[in-house]
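# Observations on the three-dimensional arrangement
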Amino acid sequence: MAANLFKNILNVRSSNLLFKKWKGTDKSVIIRDPFGNRPQKTKDSYLQVIKMFEDGDPRRRGHVEFIYAALSRMKEFGVQKDLEVYKALIDVLPKGKFIPTNIFQAEFLHYPKQQQCAVDLLEQMEDNAVMPDIEMEQMLLNTFGRRGIPLRKYWRMMYWMPKFKNLSPWYLPDELPRDVLELSKLAIARITSVDPDTKINVWQTEEIQAAIDKTWIISAQSRTQQVLLAEQPLSEPLIIKGPYNVYLRDQVVTYFTLLGKLRQEPKDDINLDGTSSRDSLLSWIRLLEKNDNPLLANVPVIFTLLAPSSDVSLHESPDAIPDDKTQIAE
Amino acid sequence: MHGCKIVDYKGGRNKKPLKCGAIPEASAGYKRKIRISAINLDTSEATQPSVQEEKFSFEDLKVIERVENRKAKILPFMKNVFISIFDRDLLAYPEILTKEDAQELEKRLTILEKVFQDSKNTIEERKFALKETNMYGATVSLTNGGLAANNTELLRYLEVISADLKLGQEISDHWVGLSALMKGLDKDDYKNVLDDLISGDHTVSLCIKETLTDRLKQEDFRTTAELDSSGTWLLKGEKICTNQSSYMLVLSLVEGDRVKAFLVHPGANGVQYKHNLVIFNDTPATPLEHVREEDLSQILGVSRLHTATLCRMNLSHGVRYCMDYIKPRFFSGKPLMEMPTIRSVVGDSMLCMYASESAEYFTAGLLDGYLEPDAEIEMAMCRNFMAYHGQAMLLKLLSIPDVERQQESLTMLDSMRQLALRGENEDSVNLFIGMYGLHYAGRAMATEIKQIRNPFFNPMFFIRKIVSNRHQEQDSPKLDLYLAEHLHPSLKNNAESLEYCVKRMRFACETMMSRHGLEVVQAHTELTRLAQAATEIYAMAAVLARASRAYCIGLRNAENEMKLAGCFVEASKDRVKKLLIEVIDGEYLNLDHFRLQFGKKLMESGEAICEKPTARVFW
């Protein structure tokens, strides 16, 4: 008998290979990872897995493990910032069963594992800056009752998260635009918010015949800067500096500035462009010149880039820019 | 506040309306819209193509109609303030729009904004955008092809449309007219005119006011309607109408004393336009039979709310115009923006706009959120608040660029003046507010007033009254409304200021009524002061509620709102305090008696009533 048992333990069945212990948690239960075999990692397929789990077993055994597994797969599916998905996960928990019915249950953590699981879920929401809504409160109430730890967590979140949400003085929409151009507009509006008189222009480099890079340029210049630029002595060169970074939540956008460094008051125009190549910076200068800054045709401009942003080698070709006095300095 | 009702078009069955939370089985699209969990996600449908038999079941033919999910009826809010009763629940600030409503609203607003914010667009392009977004049918129910918009939404639309003030006024009249028609016309008549009106080719204009009479014995209200032998109503009289359009909603007297509204169709006989007058000479019109006078006055009162919004937007255009002027200019080596005087003027106009905006949406919330709302004086208050402060603010604001740009400033001031005089002037609205409020207070305090006016018949009451009024006489009423408990704790001081003002109102009413008795309706100067004080109190309440709500739910810039609320309430409290003390003091202490005498003498003599300062009696 004992030998049989021992044999059984040693015997690794091939089907066992399909099972694996979930790495993200310290739980000892081994479950099949239902998320691994999805061909497409999208929100729809993620929700499908949840639905399959809900439909599969009427008792929904192993739902805590399932939720933990689902939580750690969120990034992979790109749904970690989606409230609907978190709600779908909470909906996996059975309603009513975990609500304490007497003071002892209420005091001594009724269904601790499930409560911890819901708290972890809320924690993950908080880490991803997803704010729950009123409906979520209702779902949690139906699951754990008003004495549940997840409810306390929820209420704390709802106290603090709105306070933190709008702390930044620079407003960004709830969902950042996917279009880089729109994102850049937001970025440049933030950088130039110091002077409310700043005008933001969007130009296409195609306007300049000699431009190699066909891209867009967002340039910001205030009227004061324009006046200062017009008064710039021709003997003193202007300097382009950059690229600098500006962060919009988790997005980073780079920009360049045009400075007149020898004068007391720095004058700077700021630009963002699609490629950040030197050619596009040249186009920027030409476009600035074209748009009410005629002095730039005669003032030398020095490029002092902190790091070469692309491998495009820049050599002056006199025929491309005939009257150019722009100097390129590494 | 709004749910959705499924209207079953099959006559025999009378289904109960479903609220938004429930999922109607037949409409899958609807179900998908409110899905909150993966339960409803049908995998087989999503992944595999399936052939389904097409079924046409006419039982499934359903139109979703928007029904209003209103709270139970409440006592009139501001009328109660006249007797120092304050509905503290309203300090939560009404929330009317659901998430779905708000999303739909934003979508439509984005389209309108694109067209209206670009000043290059012509009026035709703007009208086209209004038609495209179904703005002309905004108040009409969904089943009739409209948007079933509530007052809160109308205000949002109007804010955008008011970039063109003429269009703004036109569409406001149109909306008000349409709601009156919906309530008052026969179903068939309503259906007949509806297509015309929704399409935007024809609009409704309101003909309510009449010119003042030039004869002593003539009635103030002279337009009459009579039934002719064929059973048609014929209108006779003249009305003021600044916005002349094809359909007209005319108020007229019937059978001597009843007021009834009539709809005059385009091309009707005997209509003559004369400058800003419309003259009706036996003009056939359709009567609005089904609407009571009280309801009609409530519906027409919405026009006042719209006037407030239009005034506010005009002021905000003024601010923007001013900013464009200020930004690139310098004064003694500093940007003009850094001048404290200029900053304070711009800040004041911000305060004014904030208060008015709060009051407008608060009123819209009262109208949309409760059953049988009685918010007539609230609407009038919104109008007067903005008309009064707006004109003063714009004048101050435009004095900044005025030296250089007189012509543009004049245009802006003129449009503000026109808006402030839209349909009526400030005095008449103030009297309306004062009388309505006092009428309500009078009914609540009738016995008390009688006793006060007969002290020797009621000696004990008189003594008790002296004791109970001792705090009021010292201008420090006992604050027992505990308004601060219903607001954010940081607003405690401001809440107490509001409470002080509310507590003073009853005493002011009591003093006025016991002083004048039934003649109180003649005490116009005091009534005006009372109305102004009540208006300020209303604005204070709305501002506090809004700021507190914004701060509690963590809106962006909510800390600014708290400061705005604090500044406004403190300034407003001083104004109310002064006004009410003047009311309580009476005409000899507040010097009204003399001011009236000056006016009287001047008007009677027709010339200055005092000599030039250089004149002498003897040399």
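Reading the values: the criteria
Residues numbered from 1 in each chain as written. Chains lettered and ligands numbered in written order. Predicted model: local features only at pLDDT ≥ 70, side-chain atom pairs only at ≥ 80, totals over all residues. Heavy atoms only, no water. Helix = DSSP H or I, 4+ residues; strand = E, 2+ residues; numbered from the N terminus. Contact = heavy atoms within 4.5 Å. Areas by Shrake-Rupley, 256 points an atom, 1.4 Å probe, with all protein chains shown as cover. Buried < 20%, exposed > 50% of the residue type's maximum accessible area, 1.4 Å probe, protein only. Pairing = 2+ DSSP bridges. Salt bridge = Lys/Arg side-chain N within 4 Å of Asp/Glu carboxyl O. UniProt positions renumbered as here; feature names shortened; annotations may be inferred. Axes fitted to C-alpha atoms, helices over the stretch in contact; angles between N-to-C directions. Parallel < 35°, antiparallel > 145°, perpendicular 65-115°, else oblique. Left-handed = near helix turned anticlockwise from the far one by under 90°. Nonpolar A, V, L, I, M, F, W, Y, C, P; charged D, E, K, R; others polar. 1 Å grid on protein atoms, 1.4 Å probe; cavity = no way out; pocket = protein on both sides within 12 Å on 5 of 7 lines; lining within 4 Å. Points joined across faces, edges and corners; volume = space filled by probe spheres on them. Disulfide = S-S within 2.5 Å.

## Here's the deal with the overall build of chain B
Secondary structure summary: chain B contains 19 helices and 11 strands in total. Taking the contacts inside chain B whose residues are at least 6 apart along the sequence as the reference set, 74% of them involve residues at least 24 apart. Counting every atom, chain B has about 32,600 Å² of accessible surface; 54% of that belongs to carbon and sulfur.

## Side note on the pairing of strand β9 (residues 277–287) of chain B
Residues and elements named next belong to chain B. In terms of burial, β9 is largely enclosed, as eight of its 11 residues are buried. Alignment of strand β5 (residues 233–240) against β9, held across eight bridges, turns out to be antiparallel. When the bridges of β9 are listed, Leu235 appears paired with Thr283. One ladder, built from two bridges, connects strand β7 (residues 258–264) with β9; its direction is antiparallel. If you follow Phe262 over to β9, its bridge partner there is Pro287.

## Section: unusual backbone geometry
Residues and elements named next belong to chain B. Despite not being glycine, Ala148 has its phi angle at roughly 50°, a positive value. Mapped onto the elements of the fold, Ala148 is located in the loop between α5 (123–132) and α6 (151–161). Notably, Glu372 is not glycine yet its phi reads approximately 40°, a positive angle.

## Examining the pattern of salt bridges
Applying the stated criterion across every chain yields a total of 55 salt bridges over all chains. A network of salt bridges, in which partner residues are shared, links Glu159(B), Arg312(B), Glu357(B), Glu360(B), Arg546(B) and Glu561(B).

## Side note on the UniProt feature "domain: ACAD9/ACADV-like C-terminal" (unreviewed entry) in chain B
When the UniProt feature table is mapped onto this chain numbering, "domain: ACAD9/ACADV-like C-terminal" (unreviewed entry) sits at residues 489–603 of chain B. Within the segment residues 489–603 of chain B, helix and strand shares are 83% and 0% respectively, and the terminal C-alpha atoms sit 54 Å apart.

## Overview of the packing of helix α17 (residues 524–553) of chain B against helix α18 (residues 558–585) of chain B
Residue and element names in this part refer to chain B. It is the contact of α17 with α18, at a shortest axis distance of 9 Å, that shows an interaxial angle of 160°. One element, α17, and the other, α18, form an angle in the roughly antiparallel class. By crossing handedness, the relation of α17 to α18 is classed as left-handed. Along the lines of polarity and charge, the residues of the contact of α17 with α18 split into 19 nonpolar, two polar and nine charged.

## Quick notes on the side chain of Ser141(B)
Residues and elements named next belong to chain B. Position of Ser141 among the secondary structure elements: in the loop between α5 and α6. Assessed through its relative accessible area of 17%, Ser141 is described here as buried. Here Ser141 is in contact with Glu65, Gly146 and Ala148, once residues within four sequence places are set aside.

## Things to note about empty space enclosed by the protein
Any space left empty among the atoms is revealed by the rolling of a water-sized probe across them. Residues and elements named next belong to chain B. Going through the model one piece at a time under the given rule, you end up with two cavities of 30 Å³ or more. In this structure, the largest cavity occupies an estimated 90 Å³ of space. Around the largest cavity, the lining residues are Ile74, Leu75, Pro76, Phe77, Leu366, Tyr370, Leu371, Glu372, Pro373, Asp374, Ala375 and Glu378. For the lining of the largest cavity, the residue count by class is nine nonpolar, no polar and three charged.

## Focus on the pairing of strand β6 (residues 251–259) of chain A
On a regular strand, one side chain projects to one face of the sheet and the next to the other, so that they alternate. Residues and elements named next belong to chain A. In this structure, strand β5 (residues 238–248) lies alongside β6, joined through eight bridges in antiparallel fashion. For Ile239, the partnering residue across the bridge sits in β6 and is Leu259. Two successive antiparallel strands, β5 and β6, enclose a turn made up of two residues, where Arg249 displays a positive phi of approximately 50°.

## Quick word on the state of the cysteines
Residue and element names in this part refer to chain B. Within the structure shown, the criterion is met by zero disulfides over all chains. Left without a disulfide partner, Cys322 is nearest to the cysteine sulfur of Cys352, which lies 14 Å away. The cysteine Cys501 is free of any disulfide, with Cys509 supplying the nearest cysteine sulfur at 13 Å. Accessibility expressed as a relative area gives 0% for Cys501, which makes it buried.

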